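Understanding the architecture of this molecule
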There are 2 protein chains.
Amino acid sequence: MVDNVKRSTGYRSYGQFCALARALDVVGERWNLLIVRELLPGPLRYTELKSSLAGVATNLLAERLRTLEANGIVERRLQDSGVAYALTAWGAQLREPMEALGRWGAPLLATGRGDDAFRPRWLTLALPALLHGVTATPAVELGIETDGLLMVLRVDSDGPSVSVPAGGRPQSVLTAAPDVVVGLAAGGLTIDEALTRAKLEGDGRVLRAVFPAAARDRPI
Amino acid sequence: MVDNVKRSTGYRSYGQFCALARALDVVGERWNLLIVRELLPGPLRYTELKSSLAGVATNLLAERLRTLEANGIVERRLQDSGVAYALTAWGAQLREPMEALGRWGAPLLATGRGDDAFRPRWLTLALPALLHGVTATPAVELGIETDGLLMVLRVDSDGPSVSVPAGGRPQSVLTAAPDVVVGLAAGGLTIDEALTRAKLEGDGRVLRAVFPAAARDRPI
DNA sequence: CCGCATCCTCATGGATACTG
DNA sequence: CAGTATCCATGAGGATGCGG
C-alpha cells in the first residue's frame, strides 16, 4: 500500500472519488492558490511572480508552475519579451471559490496587518469579493489609493468591480493604508472611524453607497 | 528571516495581509478541508473520522483537530457516549467555499472512480453543490441509493437539498453506482446513458426535473 | 474498543548557490 | 532572466503502544 497514493505527475493524491478531494489534489498544495491569485489580474513573468510571493523558494515555484501547467490551470506564453505565465480559462474559474474562501477568511484580517507582506494588487481580488452582493444604481466610482497604487472601485447594478486606470483620476479618491481599506470593506471599521485614518478627496457620499451596512451606523 | 513565518499555534503562515492567504493559513494544510467535509453533515467520533479519511495518520488527525479547535473551526463535544467533533458556526460557513471548489473540480471526476475510496456521505455535500442553481416548482423528490445508502434529493424553488430519511421510501428511487450518480449530477452523463447502468423505480420524469440540461439532450 | 502519544522512515518544503 | 542543483529542516505516513 505504497502505490496509488501518487499520480502520474508526481503529486500526492487523497485517492477519493470526491470533487472537493480531486480539486485539492490539483490546487491544494502549498502556494498553488496564491500563485493563481497572482495571475488572476493578468499574466506575470517568473520573477514578478517570485517577488510577489515573498517566501516561496525558487525551486518550489518552478515545480508548482510545471504541475499547474500539466494540470491545465496555467499556461506558459512565449512573448517577445520572454516567458509569461497566464491562467487558462479553467484556471480563471477558480476566482469564484477563491473569492468565497477569502470572504470566509475576512474576519481573520481583524487582527491587523502586523508585519505581514502586502501588495495592492491583492485588493483587486479582495474588494469585489468582500463587497459581494452590493449593488448601486446609478453606478458609483471611487478611487482607492493604497501603498502607491491607485485603483478604481466601480459599483453598478451588476455589483462591484475593480480596475487600474491608465490615466485620469476619478472624482472621489480615498487614500488610506491597506488595513483601513480592508477594514472598511470587511465591515470591521465604520466609515468615520476609517476617515480618521484616511484622506478623502471629493464626494464622500460614494463611500456610503459602496461599503457594507455594518460600516454605516453613523452618517459620514 | 526564520521567524514570523510561524504563528503561536505552530502552523506555518504565509505572512500576507490577504484574506485568502489568512484563510489558507488556517484551513489550507493537508486534510483540513476534508475533515471539515466529514463534519458538515454532522458531528463524528474520532474513530469514525479516521476510518472515513483513509490514509490519514492518526497523529496528524489528532494534531489537525487540535489546531482546528484552537482556531475556532471545530469544537469538541463531550457526549454521554464519548467525545464528538463538530463544526462551530464559523466552521460550518466553509460549506460555501467548499461547494464552489467542488463545483470547480467536478470535471476531474470525469476520469472515473478508478480504485479511489468513496463514501455515500460525500454525496450529501456534492449533490447540492453540483446542482447549484437548479430549482423546481412544484418541488420534486428523488431517492438515490448508492453503496448501500439511501438518500433523498429534494429540489424546490429554493434549490436542491439532500437528507437521509429515517424511514419511508420515496416514490421514485434511482439505484446506481457512485460514478453514475456523480456523472449525472456533473453533467457528464446523459439521463439515458445513466439509465443503462442504473435501476429506476417509480416515475422517471423527476430525473429530467433535477439533473442538468446537459444530461437532457435526449428524452427519457 | 476509543482516543490519542511516540517512534521511525522517507517524501516534501525551504534556503542558498549556481548556471545557460 | 529563468530557472536547476544541492543541502538541510520539517512534515507526512505507517506501525505500535498505552491509559481509560
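Fair warning: this is a prediction, and the values are worked out from it, not measured in the lab.

Here's the deal with the overall build of chain A
From N to C terminus, chain A includes 10 helices and seven strands. Counting only C-alpha atoms and orienting by the principal axes, one finds that chain A spans roughly 65 × 40 × 35 Å. Among the 220 residues that make up chain A, the fraction classed as buried is 50%. If the 25 positive side-chain charges of chain A are averaged to one point and the 24 negative ones to another, these points end up 3 Å apart.

Digging into the pattern of salt bridges
Two side chains bearing opposite charge may form a pair once their charged atoms approach each other closely. Enumeration according to the criterion identifies 28 salt bridges over all chains in this entry. For Arg95 of chain A, the salt bridge identified is with Glu99 of chain A, shortest N-O distance 3.9 Å. Here the residue Arg95 of chain A and the residue Glu99 of chain A both occupy positions in helix α6 (residues 95-105), the gap between them amounting to four residues, near one helical turn. The salt bridge involving Arg169 of chain B is made with Glu145 of chain B; its shortest N-O contact spans 3.3 Å. With Arg169 of chain B in the loop between β5 (159-163) and β6 (173-175) and Glu145 of chain B in strand β3 (residues 140-146), this residue pair connects regions lying 24 residues apart in the sequence. Given a relative accessible area of 43%, Arg169 of chain B falls into the partly exposed group. Its relative accessible area of 22% is what places Glu145 of chain B among the partly exposed residues. Salt bridges sharing partners connect three or more residues here, namely Arg37, Glu38 and Arg121 of chain A.

What to know about the domain arrangement of chain A
All names here are of chain A. For chain A, the domain assignment lists domain 1 (2-93) and domain 2 (110-215). Taking only C-alpha atoms, the centre of domain 1 and the centre of domain 2 are 29 Å apart. In this complex, domain 1 contributes eight residues to the contact, which on the side of domain 2 involves five residues. Summed over both partners, the interface of domain 1 with domain 2 buries about 630 Å², with 52% contributed by carbon and sulfur atoms. Interface area lost by domain 1 to domain 2 is led by Arg37, Pro41 and Ser52, which between them contribute 58%. Counting across the interface, domain 1 meets domain 2 through one salt bridge. Glu38 is paired through a salt bridge with Arg121; the nearest N and O atoms lie 3.8 Å apart. Along the contact surface separating domain 1 from domain 2 lie four residue pairs in polar contact (both at pLDDT 80 or more). Elements with a contribution of two residues or more to the side of domain 1 that touches domain 2: α2 (32-39) and α3 (46-52). Per-class residue counts for the side of domain 1 that touches domain 2 are three nonpolar, three polar and two charged.

Remarks on the protein's contact with DNA strand D
As a structural note, the neighbourhood of DNA strand D is formed by 22 residues, with Arg45, Thr47 and Tyr85 of chain A together with Trp31 and Arg64 of chain B the closest of them. In the interface set of DNA strand D, defined as its atoms within 4 Å of the protein, sugar plus phosphate atoms amount to 70%. Contact between DNA strand D and Asn59 of chain A: a base oxygen at 3.1 Å from a side-chain N or O atom of the residue. Counting only elements with at least two residues in the surface near DNA strand D, the list comes to α3, α4 (58-70) and β2 (82-87) of chain A together with α4 (58-70) of chain B. Here the surface near DNA strand D is composed, by residue class, of eight nonpolar, six polar and eight charged.

Quick word on the packing of helix α7 (residues 120-130) of chain B against helix α8 (residues 178-186) of chain B
Residues and elements named next belong to chain B. Between α7 and α8, the shortest axis-to-axis distance is 9 Å and the interhelical angle comes to 25 degrees. Taken together, the axes of α7 and α8 lie roughly parallel to each other. In terms of crossing hand, the pair formed by α7 and α8 is left-handed. Of the residues in α8, those in contact with Leu123, Leu127 and Leu130 of α7 are Val181, Val182, Ala185 and Ala186.

Some thoughts on the pairing of strand β1 (residues 74-79) of chain A
Residues and elements named next belong to chain A. One ladder, built from six bridges, connects β1 with β2; its direction is antiparallel. Note on β2: the bridge partner recorded for Gln79 is Gly82. The antiparallel hairpin formed by β1 and β2 contains two residues in its connecting segment.

A word on helix α8 (residues 178-186) of chain A
Residues and elements named next belong to chain A. Most of α8 is tucked away, with seven of its nine residues classed as buried. Of all the residues in α8, the buried ones are Pro178, Val180, Val181, Val182, Gly183, Leu184 and Ala185. Here the buried face of α8 lies against α7 (120-130), β3 (140-146), β6 (173-175) and α9 (191-195). Downstream of α8 by a residue or two, Gly187 has a phi angle that is positive, lying close to 85 degrees.

A closer look at the sheet that holds strand β4 (residues 149-156) of chain B
Residue and element names in this part refer to chain B. Judged by pairing direction, the sheet is mixed, and its five strands sit side by side in the order β5-β4-β3-β6-β7 without closing on themselves. The sheet is open, and its two borders are formed by β5 and β7 (199-201), each paired with just one other strand. The mean angle between the axes of side-by-side strands here comes to 20 degrees, regardless of whether they run parallel or antiparallel. In the packing of α7 onto the sheet, the strands contacted are β3, β4 and β5, and the crossing angle to β4 comes to about 10 degrees.

A short note on the environment of Thr88 of chain B
Residues and elements named next belong to chain B. Here Thr88 shows up in the loop between β2 (82-87) and α5 (89-92). Separated by 15 residues in the primary sequence, Thr88 and Ile73 place their C-alpha atoms 5.4 Å from one another. The contact partners of Thr88, leaving out residues within four places of it in the chain, are Gly72, Ile73, Val74 and Glu75. Within the structure, Thr88 has its side chain in polar contact with the backbone nitrogen of Gly91 (distance 3.0 Å).

So, how was this worked out
Residues numbered from 1 in each chain as written. Chains lettered and ligands numbered in written order. Predicted model: local features only at pLDDT ≥ 70, side-chain atom pairs only at ≥ 80, totals over all residues. Heavy atoms only, no water. Helix = DSSP H or I, 4+ residues; strand = E, 2+ residues; numbered from the N terminus. Buried < 20%, exposed > 50% of the residue type's maximum accessible area, 1.4 Å probe, protein only. Lys, Arg positive; Asp, Glu negative; His and termini not counted. Charge placed at Lys NZ, Arg CZ, Asp CG, Glu CD. Salt bridge = Lys/Arg side-chain N within 4 Å of Asp/Glu carboxyl O. Domains from an automatic or database assignment. Contact = heavy atoms within 4.5 Å. Buried area = accessible area lost by both parts, 1.4 Å probe. Polar contact = N/O pair within 3.5 Å; in protein donor to acceptor, adjacent residues only side chain to side chain. Nonpolar A, V, L, I, M, F, W, Y, C, P; charged D, E, K, R; others polar. Near = heavy atom within 4 Å. Axes fitted to C-alpha atoms, helices over the stretch in contact; angles between N-to-C directions. Parallel < 35°, antiparallel > 145°, perpendicular 65-115°, else oblique. Left-handed = near helix turned anticlockwise from the far one by under 90°. Pairing = 2+ DSSP bridges.

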